[in-house]
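Structural description and commentary
Read off the chains here:
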Amino acid sequence: MHPTPLAPSKPTPPLAAPTVLDIEASGLGRSSYPIEVGYVLPDGHAYCTLVQPEIEWTHWDESAAALHRITRDLLHERGLPAKDVARRLNEQLAGQTVYSDGWANDYTWLSALFEAAEMTPRFKLENLRSLLSDAEAEQWHLVKAQIASERGTQRHRASSDARLLQLTLQRLRGPH
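Predicted, not measured: the structure shown is a model, and the values here were computed from it.

Observations concerning the environment of N90
- For N90, the location among the structural elements is in helix 3 (residues 82-93).
- Assessed through its relative accessible area of 3%, N90 is described here as buried.
- The spatial distance from the C-alpha of N90 to the C-alpha of M119 is 9.3 Å, given a sequence separation of 29 residues.
- With near-sequence residues (within four places) excluded, N90 lies in contact with F114, M119, T120, P121, R122 and F123.
- Here T120 takes part through its backbone oxygen, which lies 3.1 Å from a polar atom of the side chain of N90.

Some words on the packing of helix 5 (residues 134-151) against helix 6 (residues 158-173)
- Interaxial distance between helix 5 and helix 6 falls to 9 Å at its minimum, and their mutual angle equals 120°. Taken together, the axes of helix 5 and helix 6 are oblique relative to one another. Note on packing geometry: the crossing formed by helix 5 with helix 6 is right-handed. Taking contact as the criterion, the partners of E136, Q139, W140, V143, K144, Q146, I147, A148, E150 and R151 in helix 5 are, on helix 6, S160, R163, L164, L165, L167, T168, L169, R171, L172 and R173.
- In the contact of helix 5 with helix 6, the residues fall into nine nonpolar, four polar and seven charged.

Let's talk about helix 3
- Taking 1.5 Å per residue as the helical rise, helix 3 with its twelve residues ought to reach 16 Å, and the 16 Å between its terminal C-alpha atoms agrees with that figure.
- Listing the buried residues of helix 3 in full gives A82, V85, A86, L89, N90 and L93. Down the axis of helix 3, the sector holding all buried residues measures 130°, keeping them to one side.
- For helix 3, the elements touching its buried residues are strand 1 (19-25), strand 2 (34-40), strand 3 (46-50), strand 4 (97-100) and helix 4 (103-117).
- Just downstream of helix 3 lies G95, where phi reads positive at about 80°.

Some thoughts on the sheet that holds strand 5 (residues 124-127)
- Taking strand neighbours across the sheet as the criterion, the five strands line up as 3-2-1-4-5 in an open arrangement whose pairing is mixed. The sheet is open, and its two edges are formed by strand 3 and strand 5, each paired on a single side. Neighbouring strand axes in the sheet, compared pairwise and without regard to direction, differ in orientation by 30° on average.
- Its contacts with the sheet put helix 6 on strand 1, strand 2 and strand 3, and the angle it makes with strand 2 is roughly 40°.

Structural notes on the packing of aromatic side chains
- Tallied over the entire structure, the rule returns four aromatic pairs.
- Ring centres of Y33 and W57 lie 5.1 Å apart, and the angle between their planes is 20°; this geometry places the pair in the stacked category. Linking Y33 in the loop between strand 1 and strand 2 with W57 in the loop between strand 3 and helix 1 (62-68), this pair joins segments that are 24 residues apart in sequence.
- Taking the relative accessible area as the measure of exposure, W57 reaches 9% and is therefore buried.
- Sitting over the face of the ring of Y47, R88 holds its NZ or CZ atom 4.0 Å from the ring centroid.

Focus: the side chain of H68
- On the secondary structure map, H68 appears in helix 1.
- For H68, the side chain forms a polar contact with the main-chain oxygen of A25, separated by 3.2 Å.
- Only 3.1 Å separates the side chain of H68 from the backbone nitrogen of I70, close enough to count as a polar contact.

Some remarks on the confidence of the model for the protein chain
- Averaged over every residue, the pLDDT of the protein chain is 89; the share at 70 or more is 88%.
- Between the elements of the protein chain, mean pLDDT differs from a low of 87, seen in helix 1, to a high of 98, seen in helix 3.
- Contacts from residues 1-14, a stretch scored under 50 in pLDDT, to residues over four places away or in other chains number zero contacts.

Definitions and cut-offs
- Residues numbered from 1 in each chain as written.
- Predicted model: local features only at pLDDT ≥ 70, side-chain atom pairs only at ≥ 80, totals over all residues.
- Heavy atoms only, no water.
- Helix = DSSP H or I, 4+ residues; strand = E, 2+ residues; numbered from the N terminus.
- Buried < 20%, exposed > 50% of the residue type's maximum accessible area, 1.4 Å probe, protein only.
- Contact = heavy atoms within 4.5 Å.
- Polar contact = N/O pair within 3.5 Å; in protein donor to acceptor, adjacent residues only side chain to side chain.
- Axes fitted to C-alpha atoms, helices over the stretch in contact; angles between N-to-C directions.
- Parallel < 35°, antiparallel > 145°, perpendicular 65-115°, else oblique.
- Left-handed = near helix turned anticlockwise from the far one by under 90°.
- Nonpolar A, V, L, I, M, F, W, Y, C, P; charged D, E, K, R; others polar.
- Expected span 1.5 Å × (residues − 1).
- Arc of directions from axis to C-beta.
- Pairing = 2+ DSSP bridges.
- Phe/Tyr/Trp six-rings, centres within 6.5 Å; stacked < 30°, edge-to-face > 60°.
- Lys NZ or Arg CZ within 6 Å of the ring centre and 35° of its normal.
- pLDDT = per-residue confidence, 0-100.

Take a look at the structure:
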């Protein structure tokens, strides 16, 4: 009996990209609220929507508005109600761990969204930093800037930002 030759080993596929979420907000601080939510799934599918402000959501920071270029009028015209946004997030992200680079702020804004919708998230939000080794964390800003430069001018919007974060993570973990 002859030994069966070993099949050539298959290259290890790169780690799948995680789902990355980003939120644009009315400003920073206690009374700020989400105005746009975007995410990118592991397969690259992106989703982004404006959020119609709740009546009690009144804080508006002009410096934040200058950065994201979203107006309150646009939110009222094109934004979806918090309940619709929360429902969509739960449908698309149920059971997943979703990562954010601004976890403390994004967690607060996501909580405000789900509280307004009277719903509970069916996914977990984690800090993107938890996925990085110390060496990767040291290279993060450099690699992110390189990718941003390669992509050219992009809107400072939630889904664009989420894609940049996902691409940065993939490059850090890719073959060197």
